[in-house]
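Residue-level listing of the chains:
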Amino acid sequence: MTIWIAIGATALGCYAVKLAGLLVPAGALERPLVRRLAALLPVALLAALTAQQTFADGHTLVLDARAAGLAAAAVALVLRAPFLLVVAAAVVVTAGVRALGG
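Small disclaimer: the values here were computed from a predicted structure and weren't measured.

Here is what the cut-offs are and how they apply
Residues numbered from 1 in each chain as written. Predicted model: local features only at pLDDT ≥ 70, side-chain atom pairs only at ≥ 80, totals over all residues. Heavy atoms only, no water. Helix = DSSP H or I, 4+ residues; strand = E, 2+ residues; numbered from the N terminus. Rg over C-alpha atoms; globule rule 2.2 N^0.38 Å. Buried < 20%, exposed > 50% of the residue type's maximum accessible area, 1.4 Å probe, protein only. Contact = heavy atoms within 4.5 Å. Areas by Shrake-Rupley, 256 points an atom, 1.4 Å probe, with all protein chains shown as cover. Domains from an automatic or database assignment. Buried area = accessible area lost by both parts, 1.4 Å probe. Salt bridge = Lys/Arg side-chain N within 4 Å of Asp/Glu carboxyl O. Polar contact = N/O pair within 3.5 Å; in protein donor to acceptor, adjacent residues only side chain to side chain. Nonpolar A, V, L, I, M, F, W, Y, C, P; charged D, E, K, R; others polar. Patch = residues over 30% accessible without salt bridge, like charges linked within 9 Å, V, L, I, M, F, W, Y side chains within 5 Å. UniProt positions renumbered as here; feature names shortened; annotations may be inferred. Axes fitted to C-alpha atoms, helices over the stretch in contact; angles between N-to-C directions. Parallel < 35°, antiparallel > 145°, perpendicular 65-115°, else oblique. Expected span 1.5 Å × (residues − 1). Arc of directions from axis to C-beta.

Caption draft 1: Representation of the overall build of the protein within the structure. Within the protein, the regular secondary structure consists of 5 helices and 2 strands. Secondary structure elements of the protein, listed N to C terminal, follow the sequence α-α-α-β-β-α-α. Rg of the C-alpha trace for the protein: 20 Å, well past the compact-globule value of 13 Å for 102 residues, more than 25% over. Referenced to the eigenvectors of the C-alpha coordinate spread, the extents of the protein come out at roughly 55 × 45 × 25 Å. Within the protein, the fraction of its 102 residues that count as buried is 12%. For the protein, contacts bridging at least 24 residues in sequence account for 27% of all contacts bridging at least 6. Summing over all exposed atoms, the protein offers an accessible surface of approximately 8,300 Å²; the carbon and sulfur share of this is 76%.

Given below as structure tokens:
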């Protein structure tokens, strides 16, 4: 039953955050600093999530096949490859390194 309490609390928390966002006055959202932060914050959060999922295993830092896949994706992005090709390159390199025992 405790899992349902956690799910309910999470749902209520999400609703409260959404409601708080709707209650912010429009004038506060038009400030240049707020607009810059709103543009940059999702990129920073996604980069942090990617780094955490790639280089962390519990409480330890690791360099394994995921890092090679991320490097392949970065190279594909630098070469301006289409998004699906970037994902495919990351998948192929990660699978290849894992198959070779890395």
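After presenting the structure, the write-up continues.
Caption draft 2: Structural context of the domain arrangement of the protein. Split by domain assignment, the protein resolves into domain 1 (1-56) and domain 2 (63-102). Domain 1 and domain 2 are separated by 29 Å when their C-alpha centres are compared. On the side of domain 2, 5 residues touch domain 1, which itself brings 5 residues to the contact. Each partner contributes to the roughly 380 Å² buried at the junction of domain 1 and domain 2, and carbon and sulfur atoms together form 66% of this total. Here domain 1 is connected to domain 2 by 0 salt bridges. The interface formed by domain 1 and domain 2 includes 1 residue pair in polar contact (both at pLDDT 80 or more). In terms of residue class, the side of domain 1 that touches domain 2 is built from 2 nonpolar, 3 polar and no charged.

Caption draft 3: Structural view of a nonpolar patch on the surface. Taken together, Phe83, Leu84, Val87 and Val91 make up a surface patch of nonpolar side chains, about 440 Å² in accessible area. With respect to the helices, strands and loops of the structure, Val87 is situated in helix α5 (residues 83-99).

Caption draft 4: Expanded view of the UniProt feature "transmembrane region" (unreviewed entry) in the protein. Following the UniProt record, one finds the feature "transmembrane region" (unreviewed entry) at residues 6-25, 37-55 and 67-97. Secondary structure across residues 6-25 divides into 90% helix and 0% strand, with the first and last C-alpha atoms of the span separated by 31 Å. Taken end to end, residues 37-55 is 100% helix and 0% strand, and its first and last C-alpha atoms sit 26 Å apart.

Caption draft 5: Structural view of the packing of helix α3 (residues 32-55) against helix α4 (residues 65-78). Contact geometry of α3 with α4 gives a least axis separation of 8 Å together with a crossing angle of 140°. Here α3 lies oblique to α4, going by the angle between them. Contact with α3, carried on its side by Thr50, Gln53, Thr54 and Phe55, involves Arg66, Ala67 and Leu70 of α4 and no other residues of that element. Tallied by class, residues from the contact of α3 with α4 come to 3 nonpolar, 3 polar and 1 charged.

Caption draft 6: Focus on α5. In a regular helix each residue adds 1.5 Å, so 17 residues correspond to 24 Å; α5 covers 24 Å between its end C-alpha atoms and thus fits that length. Among the residues of α5, those classed as buried are Val86, Ala90 and Thr94. Buried residues in α5, looked at end-on, bunch into an arc of 60°, giving them a common side. Exposed residues pointing more than 90 degrees away from the buried face of α5 are listed as Leu84, Leu85, Val91, Val92 and Ala99. On its buried face, α5 sits against α4. A positive phi of about 95° marks Gly101, the residue just after α5.

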